[in-house]
Amino acid sequence: MTALEFNRQLNLQAKSPAEREAIFANPGFCNFMTDHMVDICWSETGGWHRPRIQPYGPIEIEPAAAVLHYGQEIFEGLKAYRHADGSIWTFRPDANARRFQSSAARMALPELPVEYFLDSLKALISVDADWVPSAPETSLYLRPFMFGKEAFLGVRPAKKVAYYLIAGPAGAYFTSGAAPVSIWLSENYSRAGKGGTGAAKTGGNYAASLVAQNEAYANGCQQVLFLDSTTNSYIEELGGMNVVFVYKDGTLVTPLSDSILPGITRDSVLTLAEERGHTVHRRPVTIQEWRDGVESGDIVEVFACGTAAVITPIGELKAKDFTIGSTDTGPGELTMSLREELTDIQYGRRPDTHGWMYRLDG
Ligand code: PLP
Ligand code: COI
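Because the structure is predicted, anything quoted here is derived from the model rather than measured.

Q: What is the right way to read the site of ligand 2 from this model?
A: In the vicinity of ligand 2, the residues found are Phe75, Gly77, Tyr141, Arg143, Tyr173, Lys201, Tyr206, Gly240, Thr307 and Ala308. A distance of 2.6 Å is found between an oxygen atom of ligand 2 and a side-chain nitrogen or oxygen belonging to tyrosine 141. In this structure, threonine 307 approaches ligand 2 through a main-chain N or O atom, which is 3.4 Å from an oxygen atom. Protein burial of ligand 2: of its 280 Å² of free accessible surface, 88% is covered by the chains. The class makeup of the residues in the shell around ligand 2 is 5 nonpolar, 3 polar and 2 charged.

This is how it looks when you write it as C-alpha cells:
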C-alpha cells in the first residue's frame with residue numbers, strides 16, 4: 001500500500017513557543033490540544049479518501065449524523081515520547097492500529113489500513129513535533145478516532161465515516177503520579193456483558209462507566225473496578241485500565257475475559273515479566289480470590305496498567321461492605337521496577353530489544 005499524500009493547511013494562529021512552554025509546565029492529561037489535526041474520509045462508494053492535515057478546531061457535523069444518535073464510534077490512545085537526542089518515537093503503534101481494526105469490525109465501521117494509521121501519526125508529528133514535551137515522564141498523547149457521520153436516523157451502519165487524529169501534551173494521568181491509588185468496586189453497574197462491546201475501544205463503554213466512576217469519586221477513589229455482568233464475581237478491569245496481581249511466589253495473574261479491552265501495556269509488561277523468569281497466568285480471577293489473597297499474604301502487589309496510566313500501583317479496593325489492602329503500604333517493588341523498565345524503553349533510556357519503538361519524526 002502506498003503512503004498517503006496529505007493535503008496540508010497550516011494553522012496561522014499556531015501557539016507561540018512561550019504559550020506552548022506554559023502548557024508544558026502544567027499539561028494535566030490533554031487539557032490542551034496541539035495546533036493541527038489529521039482527518040481521512042471514508043464512503044461506501046469511494047473508500048478511504050481526502051487525507052488532510054488542517055488546523056485543530058471545531059468540526060462540522062450534521063445534527064442527524066449517526067454517531068450523535070447511535071454512538072457508532074471507536075478510538076485509540078498512544079503516546080509520542082521525546083528521546084534525549086530530540087528524536088520522537090511511539091510504542092507498538094502497529095498493535096494500536098490492529099486493535100483499531102478489530103474495534104471497527106465490532107462497531108460495523110470500515111477498517112483503516114495499518115499503513116494509513118501509521119501515516120496519520122507521522123503526518124501529525126510532521127507539523128506538531130514541537131508539541132512533544134521533553135520533561136521527565138511527559139509525552140504527547142495521540143488520540144485517533146473514527147465515527148459514522150452519515151446523516152440519517154435509521155439504525156444501520158453509516159455509509160459515510162470520518163477518521164481523525166488529535167493530540168495533546170500529557171503528564172501523569174493520576175494527580176498523585178505513581179503513588180498507590182484507591183479503587184472503588186462497582187456493585188450497581190456493569191461496564192460490559194457477554195457478546196457486548198467490552199473488548200472494543202468504543203465510546204459507549206466509557207459512557208457506561210461514568211456513573212460508576214462518579215460513585216468512585218464520591219467514595220474517595222480514583223478509579224472504578226468492574227466485575228462480570230453475569231455472576232458479579234469475576235474481575236474484569238478498571239474504567240480505563242487493566243489489572244494485574246502479583247503473588248508471593250512471583251507469579252503474575254491478569255483476568256481473562258472476552259469482555260475486557262486487550263491492553264497493549266499489559267501485554268508488554270507481562271512479556272517483560274516473563275523474560276525475567278516470572279510465571280504469568282491469564283485466567284479468570286474472582287473478587288474473593290483478591291480478598292483471600294491479600295488476607296493470607298499470597299497477593300503481595302496489585303497494579304493498574306494502560307497507556308494513560310502507564311503502571312500505577314493499586315493500594316486498596318473499597319467496596320460497600322469491605323476494604324481490601326491499604327494505600328499506606330506504598331508501591332510494590334516489582335510494580336515499580338516493571339514500570340521503570342517499560343518507561344526506560346519508551347523514553348529510549350534502555351535498548352529496545354523487542355522492536356517495539358517506532359520513529360515518528362524525520
Ligand atoms: N482497559 C481500558 C478500558 C482502557 O481504556 C485502556 C486504555 O487504553 C486499557 C484497558 C489499557 O490499554 P492500553 O494498555 O492498550 O492502553
Ligand atoms: C488510554 O490509556 O489510552 C485510555 O484510553 C484510557 C483513557 C480513556 C483514560
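Q: Just checking my understanding: could you explain helix α4 (residues 114–128) for this structure?
A: Every α-helix carries 3.6 residues per turn, so stepping three or four residues along brings you back to the same face. Spanning 15 residues, α4 covers 21 Å between terminal C-alpha atoms, matching the ideal 21 Å at 1.5 Å per step. Counting buried positions over the 15 residues of α4 gives 11, a clear majority of the element. What α4 keeps buried is the set Tyr116, Phe117, Leu118, Asp119, Ser120, Leu121, Ala123, Leu124, Ile125, Val127 and Asp128.

Q: Got a minute to help me understand helix α3 (residues 93–106) in this structure?
A: Spanning 14 residues, α3 covers 20 Å between terminal C-alpha atoms, matching the ideal 20 Å at 1.5 Å per step. Among all positions of α3, only Pro93, Ala95, Asn96, Ala97, Arg99, Phe100, Gln101, Ser103 and Ala104 are buried. Count one or two residues on from α3 and you reach alanine 108, which has phi positive near 55°.

Q: Hey, could you run me through the pattern of salt bridges in this one?
A: Counted by the stated rule, this structure contains 16 salt bridges. Note that arginine 20 and aspartate 130 form a salt bridge whose closest N and O atoms lie 3.7 Å from each other. One end of the pair, arginine 20, is in helix α1 (residues 17–25); the other, aspartate 130, is in the loop between α4 and β7 (139–148), with 110 residues separating them in the sequence. For arginine 20, a relative accessible area of 11% puts it in the buried group. Through salt bridges that share partners, Glu137, Arg339, Asp344, Arg349 and Arg350 make up one connected network.

Q: Please clarify how the pairing of strand β2 (residues 36–43) should be interpreted in this entry.
A: The side chains of a regular strand alternate between both faces of the sheet. Among the 8 residues that make up β2, 8 are buried, leaving the element largely enclosed by the rest of the structure. Where burial is concerned, the two faces of β2 agree: the one with His36, Val38, Ile40 and Trp42 and the one with Met37, Asp39, Cys41 and Ser43 are both buried. Here 7 bridges tie β2 to strand β3 (residues 47–55), and the two strands are oriented antiparallel to one another. If you follow histidine 36 over to β3, its bridge partner there is proline 55. Between β2 and the antiparallel strand that follows it, β3, lie 3 residues. Pairing geometry for β2 and strand β8 (residues 160–170), over 6 bridges, is antiparallel. Its bridge partner lying in β8, serine 43 is registered against lysine 160.

Q: How do you make sense of the environment of threonine 353 when you look at a structure like this?
A: Take threonine 353: it is sitting in the loop between α8 (333–346) and β18 (357–359). What makes threonine 353 exposed here is its relative accessible area of 64%. Each C-alpha atom, one on threonine 353 and one on arginine 143, is 26 Å from the other, the two residues being 210 residues apart in sequence. Side-chain polar atoms of threonine 353 contact the side chain of histidine 354, separated by 3.5 Å.

Calculation rules
- Residues numbered from 1 in each chain as written.
- Chains lettered and ligands numbered in written order.
- Predicted model: local features only at pLDDT ≥ 70, side-chain atom pairs only at ≥ 80, totals over all residues.
- Heavy atoms only, no water.
- Near = heavy atom within 4 Å.
- Polar contact = N/O pair within 3.5 Å; in protein donor to acceptor, adjacent residues only side chain to side chain.
- Areas by Shrake-Rupley, 256 points an atom, 1.4 Å probe, with all protein chains shown as cover.
- Nonpolar A, V, L, I, M, F, W, Y, C, P; charged D, E, K, R; others polar.
- Helix = DSSP H or I, 4+ residues; strand = E, 2+ residues; numbered from the N terminus.
- Expected span 1.5 Å × (residues − 1).
- Buried < 20%, exposed > 50% of the residue type's maximum accessible area, 1.4 Å probe, protein only.
- Salt bridge = Lys/Arg side-chain N within 4 Å of Asp/Glu carboxyl O.
- Pairing = 2+ DSSP bridges.

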